[in-house]
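Per-entry structural report
Each chain, written out:
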Amino acid sequence: MKFTVSEIAKMLDGTTVGDDTVTIDSAAKIEEGQPGCISFLANSKYEPYIYTTQSSAIIVNKDFVPKQSIGATLIYVENAYTAFTILLEEYQKRIATGKNGIEQPSFIGENSQMGGNGYRGAFSYIGRNCTIGSGVKIYPNAYLGDFVEIGDNTVIHPGVRIYDHTIIGKNCCIFANTVIGSDGFGFAPQADGTYKTIPQLGNVIIEDEVSIGSNTTIDCATMGSTIIRKGVKIDNLVQIAHNVEIGKNTVIAAQAGVSGSSRIGEQCIIAGQVGITGHITLANNTKIGAQSGLGKSIKKEGLSLSGSPARDLTEHLRSMALTRRLPQLEERLKELERKREVSEH
Amino acid sequence: MKFTVSEIAKMLDGTTVGDDTVTIDSAAKIEEGQPGCISFLANSKYEPYIYTTQSSAIIVNKDFVPKQSIGATLIYVENAYTAFTILLEEYQKRIATGKNGIEQPSFIGENSQMGGNGYRGAFSYIGRNCTIGSGVKIYPNAYLGDFVEIGDNTVIHPGVRIYDHTIIGKNCCIFANTVIGSDGFGFAPQADGTYKTIPQLGNVIIEDEVSIGSNTTIDCATMGSTIIRKGVKIDNLVQIAHNVEIGKNTVIAAQAGVSGSSRIGEQCIIAGQVGITGHITLANNTKIGAQSGLGKSIKKEGLSLSGSPARDLTEHLRSMALTRRLPQLEERLKELERKREVSEH
Amino acid sequence: MKFTVSEIAKMLDGTTVGDDTVTIDSAAKIEEGQPGCISFLANSKYEPYIYTTQSSAIIVNKDFVPKQSIGATLIYVENAYTAFTILLEEYQKRIATGKNGIEQPSFIGENSQMGGNGYRGAFSYIGRNCTIGSGVKIYPNAYLGDFVEIGDNTVIHPGVRIYDHTIIGKNCCIFANTVIGSDGFGFAPQADGTYKTIPQLGNVIIEDEVSIGSNTTIDCATMGSTIIRKGVKIDNLVQIAHNVEIGKNTVIAAQAGVSGSSRIGEQCIIAGQVGITGHITLANNTKIGAQSGLGKSIKKEGLSLSGSPARDLTEHLRSMALTRRLPQLEERLKELERKREVSEH
């Protein structure tokens, strides 16, 4: 699919400088652009590339003033980054393969219903008594248990497993092989050293506009619900244990884990490979750095934390720097001891 | 499903104080109870809630003496926690959807046999020469290779992948999308910088009463067997490498990993995100704290370890506290150096 | 399947000492051998076992000189370890169950083609416009989207999910439930606290001879390609984010993660549970120790790094040792302070 720069400028409500009859057939980073590509410049750090890029067109902020001559056609817009995103979305819509209808064989249990305009891929399985909204896509090899509810326009990718009684909102996207609602990890130690399984009777509730990556696991509650609030974004290989609640618009990066019954606030940012212990509360707007381990509740909002155990980022960095300088500190200590000894004699 | 308190008390062999005609339709934590709920009080830390809870009934230990008046009906039993667990199990049995029979299409290879009273979901695949006990449930989209053996009453959840020659015992439960028996990670470096795959010819043996969470991976042995002993409980997203052996009743929490050929003792507790290196031995009853990294064998039984590299928990906590106070230590060192300098002049 | 020692020696181009008519039916480590087993001795650390092993035959290096009498028959070869690997491969070939042909029901979309001598398991799904080479095996319950290309002799294990436009080379092996090409984790923060999904329009390119373990995730690029170069070996539960490039023959162990847009060099070794931040470059031949966290680019080739944040291995070990001795350092500091105080009075 090809567009002229003139067509793109119109789509983005922008104005052009340079040849607007050039055709564009793909997008690229400004530093990797080739003829036929469109790129954007939002961060001034990348400005040097605009003078050397091979891209045919560059979207720039309306206040951008070139310091040298530029080969590419420029498209001036209010916000270059946002405009570029809009362009990508538009492009995505036009290339979307648009799966719909019902492929066979697929399985749907008694009393289950699916709204219109949806897709049910081959080898997908829907249990009994499920209620599925309109525009929902269920890709091949996905599994829904019994009494599952899914809101309009949600997409369930290949191989996703959704256990009984799970409730998922509208406009959610769950990527391949993620498991929602399997048993929480609960075992009661017995006198003879064995463990007795504690029945996990609760469910998982996922609100609207949630995105969940691939191969992630979200366990059902022991009683009640594990809850993922509206607008939460979860990456790949993340573990969310039983009875956890993740607050609105919180973002959790790959391979992080939240242990049982913890409540994460709204608008938090949890980086990759972070571990959060069970039964704690995390205040809104908390940021936790990669690989940190959080072992206790954080009540104050807006903190940045790092380390394992996690604490204030600035303090953590200071301790880390000193740990690195420990060999020198020991040398200084030795020197003092030596002098002391000398002066004692 | 509804029960009266009187019926529940009978089920639990308990005695009631208060109105035993009240009906119960769900279970809740004592601090989150609503009318119609039943809760329990086992840990005295939660006693204050018993005077304010909205739950209709509370299960308590037989020696519990109220300090104030209580609105809920009490059920006195030998052990409140155990009784509550029994109640949940009973409830679970009654609500269980009870999948059984054979759904179509499903695939079973030649010379494979399945005992009575089982379930084989749609799109499940069983290879050749498999021996499957009675009461086994194989959920939709699960895969068993060739020569797999599964003992009575084991449940294989949706999307589980079980490779050739795996042997699984009785009463096991393997949750969705877990992979048992894929190749160990073994490659021999070659002179030209490439790696040659070392054939992985062994299998995985899982004994009775083992529970394995979702999206976990257990590799087959290079030769011989990777072994998971009786009663082991493994959480989600755990990695067990080739030729590992996990001792009886050991518990491994989410996102932990055990590298090749290590032998973990019995009754160990390995917390979330722990990493254990290859070719080591861990004594029975060892406890390893979250995110710890164990790099060498532990021969003494019953230790609690923490940190990366992991060492005695008390020592680790002391070092951590001092690391945190490094800025003050450096101040003290500076002060001494300053005084030294003054006294030298 | 049974071989005589004489047959094996011939296969390995070796010479025997002892009874070469003994029959061998399995392989074992030298310390675990039983009658009927063959083992090897390559590392002199294991030499003591050769005098006590129950194995019937041992493959040894041609320069091995026994210090005591040995019960087993010896097979002298150029390189014992290599010879043993060759033997295992030969064994594997002979026992391979050799799946081939097409099992039904399976799904193949319009305009998709598959070369000869392949295998397509039941409940496998191939989308539209896919090009699949000869000798390719696609196991049951695997999923390929649209416009996927797969080179000759590549094996796609059960439950693998391959998204649209992915390109995979020859002789690759992708183990169960791994996901290739799902969306990168990209969201643009909005003024109202919500996040807007950034369309992920790129793909994943996997070159020849790549091995990828189970339950691993490799995200597609935002634009352009996430690239896994020739000969890379990736273990289970690994996360490779969008726009990452992994250089030739690099090895990545279980549960490690590489964040978006980072470029890993050739011949690197990345141990288990390592985390690598986004937008950095890692030089060729870098080694990173288990659980390390790499936060910045490494330009010098051949370094060994460890710790979180990762730095030179020797420095890291020295700091770790001192951290462990912090209690003693504080004692020495206290002693100096005490003496100082005494001398001041």
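Thresholds, definitions, all that
- Residues numbered from 1 in each chain as written.
- Chains lettered and ligands numbered in written order.
- Predicted model: local features only at pLDDT ≥ 70, side-chain atom pairs only at ≥ 80, totals over all residues.
- Heavy atoms only, no water.
- UniProt positions renumbered as here; feature names shortened; annotations may be inferred.
- Buried < 20%, exposed > 50% of the residue type's maximum accessible area, 1.4 Å probe, protein only.
- Helix = DSSP H or I, 4+ residues; strand = E, 2+ residues; numbered from the N terminus.
- Pairing = 2+ DSSP bridges.
- Contact = heavy atoms within 4.5 Å.
- Buried area = accessible area lost by both parts, 1.4 Å probe.
- Salt bridge = Lys/Arg side-chain N within 4 Å of Asp/Glu carboxyl O.
- Polar contact = N/O pair within 3.5 Å; in protein donor to acceptor, adjacent residues only side chain to side chain.
- Nonpolar A, V, L, I, M, F, W, Y, C, P; charged D, E, K, R; others polar.
- Least-squares fit on C-alpha atoms with pLDDT ≥ 70 in both.

In the annotation of an unreviewed UniProt entry, the entry for chain A reads UDP-3-O-acylglucosamine N-acyltransferase, and the organism field reads Dyadobacter frigoris. Taken from UniProt, the Sequence similarities (unreviewed entry) comment for chain A reads in full: "Belongs to the transferase hexapeptide repeat family. LpxD subfamily."

In this section: the pairing of strand β7 (residues 73-77) of chain B. Residue and element names in this part refer to chain B. Most of β7 sits out of view: five of its five residues are buried. Covered by surrounding structure in β7 are Thr73, Ile75 and Val77 together with Leu74 and Tyr76, the residues of both alternating faces. With three bridges connecting them, strand β2 (residues 15-17) and β7 associate as antiparallel partners. Each bridged residue has a counterpart across the sheet, and for Thr16 the counterpart in β7 is Ile75. As judged from the five bridges shared by strand β6 (residues 57-61) and β7, these two strands associate in the parallel manner. If you follow Ile58 over to β7, its bridge partner there is Leu74.

Opposite the 68 residues of chain C that make contact, chain A presents 59 residues. Interface of chain C and chain A: buried area, both sides summed, is about 5,100 Å²; carbon and sulfur atoms make up 58% of it. For the chain C face of the interface with chain A, the top three residues by lost area are C:Phe185, C:Tyr195 and C:Met223, together amounting to 14%. Applying the counting rule to chain C against chain A returns six salt bridges. Note that A:Glu330 is salt-bridged to C:Arg332, the shortest N-O span being 3.4 Å. Applying the counting rule to chain C against chain A returns 31 residue pairs in polar contact (both at pLDDT 80 or more). Looking at the side of chain C that touches chain A element by element, the count peaks at eight residues for helix α5 (residues 326-344) of chain C. Counted by class, the side of chain C that touches chain A contains 26 nonpolar, 28 polar and 14 charged residues.

On to the relation of the copies chain C and chain A. Rotating chain C by 120° and moving it 0.1 Å along the rotation axis overlays it on chain A with an RMSD of 0.1 Å. What we have between these two chains is a three-fold relation.

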